[in-house]
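Remarks on the overall topology
Here is what each chain is made of, one letter per residue.
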Amino acid sequence: MSTVELDPARTGRPSLTVPDGPRHARVHGVGGYRPERVVTNEEICQYIDSSDEWIRQRSGIVTRRFAREDESVIDMAEAAARDAIANAGVDPSQIGVVLMATVTHPFQTPAAAPLLAVRLGIQDPAAFDISAACAGYCYGISLANDIVRAGTADYVLVVGVEKLSDFTDKHDRGTAFIFGDGAGAAVVGVSDFPGIGPTVWGSDGENWDKIQQREGWTDMRPRMEDPDGGDPLQWPNFAMQGQSVFRWAVYSMAPVVRKALEVAGLGADDLDVFVPHQANMRITDAMIKELKLPAHVPVARDIAETGNTSAASVPLATARMLDEGEAPHGGLSLQMGFGAGLVYAAQVIVLP
Ligand SMILES: CC(C)(COP(=O)(O)OP(=O)(O)OC[C@H]1O[C@@H](n2cnc3c(N)ncnc32)[C@H](O)[C@@H]1OP(=O)(O)O)[C@@H](O)C(=O)NCCC(=O)NCCS
């Protein structure tokens, strides 16, 4: 900690004491949780006019997992966080901030993060949720990096978790086959070396309506209070303009990943692994092409068995690749998330 005289007008009066900084930060451990129930394309096709072949061809998805009815985002987050904390080798008491990226925690307030902290035995941390959809985890890693580097906390738990099955209309051809449930987590903490590159992030609010909850809660209220007052109430599932999102992802997100490499002072050749948001296998393939990623760099293709789990997709895919030896410990991973908002974030990290 240092005490610095910042404002000459305050000479002789008490000054602020601030942490010395910036320090280095890195990811110390990642973890994941996949619900037990495997849902096949055949099961999805019981409710929509589609086929296993079409879904595989257009999205790359073969199966996804759905959580139990009584399994909450906090339950799934807890399992993933325990895994990440164990892999990081830290004690929960060392964690000063809990960030939970999710858009499917079913309470407007309070946030899920404080309850997750209690479950994990983390004493009195700063705890809040991040609403940045499929970019939420990469937003969280960026915030955690800044928090640790600035000296605000030594260790930050970042969780990406979704129970999208709660907010997906199983009769909607445009979304029913895409989404899945799951959780992924990382512990970010102080480091002797730089372990998280600068984040390239942003938003495109002009396209706010491209992926959205069908209706706001307050729009539903009059009909809830007066059942004869208009259209019948419908659960506010998520809707998506698939083709527009697809085009945006392919044309606008490739420059973002390229920039994340550039600001980290790296080339595609330096990478040990590429972990894009698991939105659609064809989007991943288009990004690989745009990046001119060398064929020897492994690419996350977790979507085949996991579907699109929004904020959970990047940490879940990372955890799988580390567990299966496809990604090397200590290797460089380019990770990126993009989704509803529209929002996006990308950064290179050193794998734990
Ligand atoms: C959703 C998505 C797979 C749909 O694929 P697409 O190729 O864009 O499909 P389109 O909507 O253009 O429809 C193409 C054809 O398939 C049909 N189709 C649409 N959904 C279908 C389904 N579930 N099963 C079978 N056929 C379907 C359409 O009717 C259309 O038929 P037509 O050519 O006879 O008119 C694709 O748009 C996508 O992945 N978008 C991005 C989604 C995403 O990444 N979301 C997450 C961001 S976080």
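The model shown is predicted, which means the values in this text are computed figures rather than measured ones.

1. Considering the UniProt feature "active site" (unreviewed entry) in the protein
UniProt records the feature "active site" (unreviewed entry) at Cys 134, His 277 and Asn 308, using the numbering of this structure. On the basis of their most widely separated C-alpha atoms, the annotated residues across 175 residues gather in one place, lying no more than 8.9 Å apart. The residue Cys 134 is located in the loop between strand 7 (126-130) and helix 5 (136-150) in this model. Owing to a relative accessible area of 10%, Cys 134 belongs among the buried residues under this scheme.

2. Looking at the layout of surface pockets
Taken as a whole, the second largest pocket spans an internal volume of roughly 350 Å³. Lining the second largest pocket are 16 residues, with Arg 37, Glu 43, Phe 66, Ser 165 and Lys 170 sitting closest to its centre. Broken down by secondary-structure element, the contributors of at least two residues to the lining of the second largest pocket are strand 4 (37-40) and helix 1 (41-44). For the lining of the second largest pocket, the class distribution of residues is 6 nonpolar, 2 polar and 8 charged.

3. Some remarks on the sheet that holds strand 9 (residues 181-191)
Where strands meet in a sheet, backbone hydrogen bonds hold them as pairs that are either parallel or antiparallel. Strand order in the open sheet made by the 5 strands is 3-9-8-6-7, with mixed pairing throughout. In the strand order of this sheet, the two ends are held by strand 3 (24-33) and strand 7, each with one partner. The average angle at which neighbouring strand axes cross in this sheet is 20°, direction not considered. Most of the contacts of helix 3 (residues 73-88) go to strand 3, to which it runs at about 130°, and overall it touches strand 3, strand 6 (95-101), strand 8 (155-163) and strand 9.

4. A closer look at the environment of Gly 205
Checked against the element boundaries, Gly 205 lands in the loop between strand 10 (200-203) and strand 11 (211-213). According to the relative accessible area criterion, Gly 205 is partly exposed, its value standing at 48%. On a C-alpha basis, the gap between Gly 205 and Val 190 in space is 34 Å, while along the polypeptide they are 15 residues apart.

5. Some details on the domain arrangement of the protein
Assigned domains of the protein: these are domain 1 (24-191) and domain 2 (200-300 + 308-350). A separation of 13 Å is found between the C-alpha centroids of domain 1 and domain 2. Between domain 1 and domain 2, the contact holds 44 residues from the first and 38 residues from the second. Taken together, the two surfaces of domain 1 and domain 2 that pack against each other cover about 3300 Å², and 63% of this comes from carbon and sulfur.

6. Observations regarding the sheet that holds strand 13 (residues 273-276)
Read from one edge to the other, the open sheet built from 4 strands follows the order 10-15-14-13, with strand pairing classed as mixed. Each having just a single partner strand, strand 10 and strand 13 make up the two edges of the open sheet. Strand-to-strand, the axes of this sheet are offset by a mean angle of 10°, without reference to chain direction. Both strand 10 and strand 15 (residues 343-350) contribute to a ladder of 4 bridges, which runs antiparallel. What sits directly across from Val 200, in strand 15, is Ala 346. Helix 10 (residues 313-323) contacts strand 13 and strand 14 (332-339) of the sheet and is inclined by roughly 150° relative to strand 13.

7. Topic: the site of the ligand
With respect to spatial proximity, 22 residues lie near the ligand, and among them Ser 50, Arg 58, Gly 242, Gln 243 and Asn 280 are the closest. Here Trp 54 contributes a side-chain N or O atom positioned 3.3 Å from a nitrogen atom of the ligand. Here Arg 58 contributes a side-chain N or O atom positioned 2.6 Å from an oxygen atom of the ligand. Relative to its unbound accessible area of 950 Å², the ligand is 72% covered by the protein chains. Among the secondary structure elements, those contributing two or more residues to the shell around the ligand are helix 2 (52-59), helix 7 (242-263), helix 8 (281-291) and strand 14. Looking at which element gives the most residues to the shell around the ligand, the answer is helix 7, with 4 residues. Split by domain, the shell around the ligand shows at least three residues from each of two domains, domain 1 (24-191) and domain 2 (200-300 + 308-350).

8. Here's the deal with the packing of aromatic side chains
Per the counting criterion, the structure on display carries 6 aromatic pairs. One aromatic cluster in this structure is built from Phe 167, Trp 217, Trp 235 and Phe 238.

9. Considering the state of the cysteines
One pass over the structure, following the stated rule, counts 0 disulfides. Here Cys 134 stays unpaired: no disulfide links it, and the sulfur of Cys 138, its closest cysteine neighbor, is 11 Å away.

10. Describing the side chain of Thr 168
Note that Thr 168 resides in the loop between strand 8 and strand 9. Residue contacts for Thr 168: discarding those within four places in its chain leaves Thr 175, Ala 176, Phe 179 and Asn 237.

11. A short note on the nonpolar core
Core analysis: the biggest nonpolar cluster contains 36 residues, and Tyr 137, Ile 141, Val 156, Val 158 and Val 188 have the highest contact counts within it. Every element with two or more residues in this core is listed here: strand 3, strand 6, helix 5, strand 8, strand 9, strand 13, helix 10 and strand 15. Take this core: its biggest share by element is 7 residues, from helix 5. Looking at which domains feed residues into this core, each of domain 1 (24-191) and domain 2 (200-300 + 308-350) gives three or more. Those residues in contact with Val 156, other than ones at most four positions away along the chain, are Ile 95, Val 97, Leu 99, Ala 144, Ile 147, Val 148, Ala 186, Val 187 and Val 188. One finds Leu 291, Val 299, Ala 346 and Val 348 within the second-largest nonpolar core, a separate group that totals 30 residues.

What counts, and where the lines are drawn
- Residues numbered from 1 in each chain as written.
- Predicted model: local features only at pLDDT ≥ 70, side-chain atom pairs only at ≥ 80, totals over all residues.
- Heavy atoms only, no water.
- UniProt positions renumbered as here; feature names shortened; annotations may be inferred.
- Helix = DSSP H or I, 4+ residues; strand = E, 2+ residues; numbered from the N terminus.
- Buried < 20%, exposed > 50% of the residue type's maximum accessible area, 1.4 Å probe, protein only.
- 1 Å grid on protein atoms, 1.4 Å probe; cavity = no way out; pocket = protein on both sides within 12 Å on 5 of 7 lines; lining within 4 Å.
- Points joined across faces, edges and corners; volume = space filled by probe spheres on them.
- Nonpolar A, V, L, I, M, F, W, Y, C, P; charged D, E, K, R; others polar.
- Pairing = 2+ DSSP bridges.
- Axes fitted to C-alpha atoms, helices over the stretch in contact; angles between N-to-C directions.
- Contact = heavy atoms within 4.5 Å.
- Domains from an automatic or database assignment.
- Buried area = accessible area lost by both parts, 1.4 Å probe.
- Near = heavy atom within 4 Å.
- Polar contact = N/O pair within 3.5 Å; in protein donor to acceptor, adjacent residues only side chain to side chain.
- Areas by Shrake-Rupley, 256 points an atom, 1.4 Å probe, with all protein chains shown as cover.
- Phe/Tyr/Trp six-rings, centres within 6.5 Å; stacked < 30°, edge-to-face > 60°.
- Disulfide = S-S within 2.5 Å.
- Core = buried A, V, L, I, M, F, W, Y, C linked by side-chain atoms within 4.5 Å.

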